[in-house]
Amino acid sequence: MKTGAAYIRVSTDMQLELSPESQLKAIKEYAQRNDIILSNEFIFKDEGISGRKAEKRPAFMQMIAVAKSKPKPFDVILIWKFSRFARNREDSIVYKSMLRKQCGIDVVSISEQLGEDKTSILIEALLEAMDEYYSINLAEEVKRGMTEKARRGGVVSVPPFGYVMGKDRFEIDTERAEIVRQIFDKYIAEQKTLPIAKWLNDSGISTRSGKPFANRSVKYILTNPVYIGKMRWSTDGKATGTSVYIPTENTMIIDGKHDPIISEEKFNEVQKFISQMSEKYAKGAHQTPSEYMLRGLVKCSSCGATMCMSSKRGLQCSKYIHGQCAVSHYIMLEKLNQSVIEALRADMSRDNFWVKSKPKTDAAETERLKAQIKRECLKLDRIKAAYENGADTLEEYTANKQRITASINKLEEQLAAQSAGEEKLIDIKSEITEAYEVATNPEIAEELKNQILRSLLKKIVFDRSTNSVEIFYNF
């Protein structure tokens, strides 16, 4: 008797597909007819997701990860059609080959029955090619239809902040439209997006998707021509390459059917300011060091976010930069380096520096025990299925269940003992000394300093209110 898994996928083109429930029902019926045990934990579903790219299907990738575990958790993956597994031949070949050759797991389409002869290999390849052709052709037809609709000023996207969807056009959302007007007025007055993002977040206003505002979401509103009654559509499905309202050969700017919120005069004034700021802060205009010894180690004491270079000479909380942290933590890099060196010197000068440490467990033994427990749990599923199918009597099932359960309990006790261990105090003064010597050595490159410090330090918390740092060691 084999153990099986089920993979179910429904894309947005549902009129040509069975529903997830119907696919699962058909798969379960096939499994029962063919003596395949199908456990609920091995049913993987991706709903409303295209099959063109495997890495964008979370349930599919989870199934592949489970299939790679040892011992193999199931013998076969059941799908309604091969098109559910993948919509491009490259993914299909790569993952099927890996499953069949490396994991010993077959992939079976319950509605496209194939044998094990060489002719079946050819038929399966033809089915996969047809699926890929259908997917590519459908995408082209959809894009062509949307482009033509956009050319006529029709709605081809969700309404942006300040609008709601009407019958065939965007309708103004009175309350949010007023916020949009204030965003444009504030930018004209200050020519900065960060204060606007902070104002919106402090006022409890979120984006259309319910997330906090950041610099880029404010800038998106400021550069979106929809607010002057126009529609913007990219014919190649890619970004326009500019955040400013400038049509390109692949970008259509069409008069929409909706009413504007902002006048063209005000919109163009904002675009002029944004262009000037883009030139002033163009990429490379203010080079900041890409490597420095504290890169990725320093955290904001207010929100816990990593501090990063915000200018040539200083660090700032990354969330504050995007308007999502209320407290500025800006500090000159040179001053921060000196504070960290002084903190290391203070810790190093102590007679000893004790930290609590747990003894390391045997990783290989832990994984072995986990694999054994998983294998015994699979046995429980098998004997249950055997009893339900009438292959075993109640007495046989009860005896087998008691034996396997006892084995699982024993293995779990061994795993708990393997993971347990009393904490002990260790002196890390030598490690602190090493960190200090690395940080103060001018002959060591910044990149190498960073690598060494990352191995010794867990994080450094900088508190702006006290201008102090607290070092957490990696032990």
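Quick caveat: nothing in here was measured; it's all calculated off a predicted structure.

Calculation notes
- Residues numbered from 1 in each chain as written.
- Predicted model: local features only at pLDDT ≥ 70, side-chain atom pairs only at ≥ 80, totals over all residues.
- Heavy atoms only, no water.
- Helix = DSSP H or I, 4+ residues; strand = E, 2+ residues; numbered from the N terminus.
- Buried < 20%, exposed > 50% of the residue type's maximum accessible area, 1.4 Å probe, protein only.
- Polar contact = N/O pair within 3.5 Å; in protein donor to acceptor, adjacent residues only side chain to side chain.
- Contact = heavy atoms within 4.5 Å.
- Core = buried A, V, L, I, M, F, W, Y, C linked by side-chain atoms within 4.5 Å.
- Axes fitted to C-alpha atoms, helices over the stretch in contact; angles between N-to-C directions.
- Parallel < 35°, antiparallel > 145°, perpendicular 65-115°, else oblique.
- Left-handed = near helix turned anticlockwise from the far one by under 90°.
- Nonpolar A, V, L, I, M, F, W, Y, C, P; charged D, E, K, R; others polar.
- Pairing = 2+ DSSP bridges.
- Salt bridge = Lys/Arg side-chain N within 4 Å of Asp/Glu carboxyl O.
- Arc of directions from axis to C-beta.

> How would you summarise the side chain of Ser109 if you had to cite specific residues and measurements?
Here Ser109 shows up in strand β4 (residues 106-109). For Ser109, a relative accessible area of 2% translates into the label buried. Within the local environment of Ser109, its side chain forms a polar contact with the backbone oxygen of Trp80, the two atoms lying 3.3 Å apart. Here Ser109 is in contact with Ile79, Trp80, Lys81 and Phe82, once residues within four sequence places are set aside.

> Go over the nonpolar core with me, naming the residues and quoting the values.
In this structure, Leu294, Leu336, Val340, Leu344, Leu457, Ile460 and Ile471 are the most contacted members of the largest nonpolar core, which totals 34 residues. Elements with a minimum of two residues in this core: β9 (298-300), β10 (307-309), β11 (314-317), α11 (333-348), α14 (429-439), α15 (446-456), β15 (457-463) and β16 (468-473). In terms of residues, this core owes the most to one element, α11, which gives 7 residues. When sequence neighbours within four positions are dropped, the list of residues in contact with Leu457 reads Leu297, Ile471, Phe472, Tyr473 and Asn474. Ranked by size, the runner-up nonpolar core spans 27 residues in total, among them Ala177, Ile183, Ile196 and Ile274.

> Report on the packing of α11 against α14, specifying residues and quantitative values.
The N-to-C vectors of α11 and α14 enclose an angle of 150°; their axes lie 9 Å apart at closest approach. When the axes of α11 and α14 are compared, the pair comes out roughly antiparallel. You can see that α11 and α14 cross each other, and the crossing is left-handed. Residues Ile341, Leu344, Arg345, Asp347 and Met348 of α11 form the contact with α14, whose participating residues are Lys429, Ile432, Thr433, Ala435, Tyr436 and Ala439. For the contact of α11 with α14, a count of residues per class yields 7 nonpolar, 1 polar and 3 charged.

> Report on the sheet that holds β11, specifying residues and quantitative values.
The strand order across the open sheet formed by 3 strands is β10-β11-β12, and the pairing between neighbours is antiparallel. Across the chains shown, the open sheet's two edge strands, defined by having one partner strand only, are β10 and β12 (331-332).

> For the pattern of salt bridges, give the residues involved together with the corresponding values.
One pass over the structure, following the stated rule, counts 9 salt bridges. Put simply, Asp185 and Lys266 hold a salt bridge, and the shortest N to O gap is 2.7 Å. Of this pair, Asp185 sits in helix α6 (residues 174-190) while Lys266 sits in helix α9 (residues 264-280), and the two are 81 residues apart along the sequence. Note that Glu446 is salt-bridged to Lys449, the shortest N-O span being 3.7 Å. On the criterion of helical spacing, the pair formed by Glu446 and Lys449 is a turn pair, its members being 3 residues apart in helix α15. In this structure Glu446 comes out as partly exposed when scored by relative accessible area, which is 32%.

> Tell me about the pairing of β15, and please be specific about residues and values.
The pairing of β9 with β15 spans 3 bridges and is parallel. Bridge pairing in β15 links Val298 to Ile460. Bridge count between β15 and β16: 6 bridges; the pairing is antiparallel. Residue pairing for β16: Asp463 is matched across the bridge by Ser468. Linking β15 back to β16 in an antiparallel pair, the connection comprises 4 residues, with Asn467 at a positive phi of about 50°.

> How would you summarise the sheet that holds β9 if you had to cite specific residues and measurements?
Spatially, 3 strands are ordered β9-β15-β16 in an open sheet, and the strand pairing comes out mixed. Each edge of the open sheet carries a strand with a single partner, namely β9 and β16. Within this sheet the neighbouring strands show an average axis-to-axis angle of 30°, counted without direction. α15 rests against β15 and β16 of the sheet, and its axis sits at about 95° to β15.

> Kindly report on α14, identifying the contributing residues and their values.
Within α14, burial applies to Ile432, Ala435, Tyr436, Val438 and Ala439. Projected onto a plane normal to the axis of α14, the buried residues spread over an arc of 165° and lie on a single side.

> So, unusual backbone geometry: which residues are in play, and what are the values?
The residue after Lys70, namely Pro71, is reached through a cis peptide bond having omega -10°. Here Pro71 shows up in the loop between α2 (58-67) and β3 (76-79). Of note, Gln191 is a non-glycine position whose phi angle comes to about 55°, a positive value. Secondary-structure assignment places Gln191 in the loop between α6 and α7 (194-202). A positive phi angle, near 50°, is found at Asn467, a position not held by glycine. Along the chain, Asn467 falls in the loop between β15 and β16.

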